[in-house]
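# Fold and geometry: a report
What follows is each chain in one-letter form.
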Amino acid sequence: RRRRKHPRAAKAAQTDGDDLDLCRVQSEPLSHDEAVAFVTSGDCGAISTFLGTTRNNFDGRPVRTLMYEAYAPMAESKMREILREARRAYGIKKACALHRVGEVKIGEASVVLAFASPHRKDALNACAWAIDELKRVVPVWKQEVYADEGADWKANKEWDPAGLAREIRAPPAA
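This write-up is about the structure you can find in this document. For clarity, every value in this text was computed on a predicted model and none was experimentally measured.

What counts and what doesn't
Residues numbered from 1 in each chain as written. Predicted model: local features only at pLDDT ≥ 70, side-chain atom pairs only at ≥ 80, totals over all residues. Heavy atoms only, no water. Helix = DSSP H or I, 4+ residues; strand = E, 2+ residues; numbered from the N terminus. Contact = heavy atoms within 4.5 Å. Areas by Shrake-Rupley, 256 points an atom, 1.4 Å probe, with all protein chains shown as cover. Expected span 1.5 Å × (residues − 1). Buried < 20%, exposed > 50% of the residue type's maximum accessible area, 1.4 Å probe, protein only.

## Side note on the overall build of the chain
- A tally of regular secondary structure across the chain gives 3 helices and 9 strands.
- Ordering the α and β elements of the chain from the N terminus gives β-α-β-β-β-α-β-β-β-α-β-β.
- Counted over contacts in the chain with a minimum sequence separation of 6, partners at least 24 positions apart contribute 73%.
- Summed over its atoms, the accessible surface of the chain is roughly 9300 Å², and 50% of this surface lies on carbon and sulfur atoms.

This is the structure we're talking about:
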């Protein structure tokens, strides 16, 4: 079986032509350090991150690896909407969302989120809201490949395909 090569975005997709958000879908390993460096800002006293990694089992069944596919232009667009809403709702100054496609081995990151704000509560709340919203509306698909060579496509329990056509949900009131 031939694997499709997922090209890295030619450059970081940015929001509103500014340098406040970094969104990218890529086949190369993700860098937590890159995300933190991007959002680091002298006017922020908090950076919150989420690093989603491949675990070695699902419901007791040994997992060998994960395979991700995405419609990258739409995925990046939806991630930009999420970051923009996080900045609006939580006072986030800078934000980053990176998602991996292709094979993601045990222990490797499939998604990295980072948010910088003046105060910790806003960064933490934005991070928690954003990962749930990302799983709900960003068109990324995951296949679990098991140690026994079986494989299953998995839908996120939050996935809402109608969410592709709707605006991002507003975060809960603080």
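## What to know about helix α3 (residues 120-137)
- In this model α3 runs 26 Å from its N-terminal to its C-terminal C-alpha over 18 residues, within 8% of the 26 Å that 1.5 Å per residue would give.
- For α3, the full list of buried residues reads Ala123, Ala126, Cys127, Trp129, Ala130, Ile131, Glu133, Leu134, Arg136 and Val137.
- Packed against the buried residues of α3 are β2 (46-53), α2 (72-90), β5 (94-100) and β7 (109-117).

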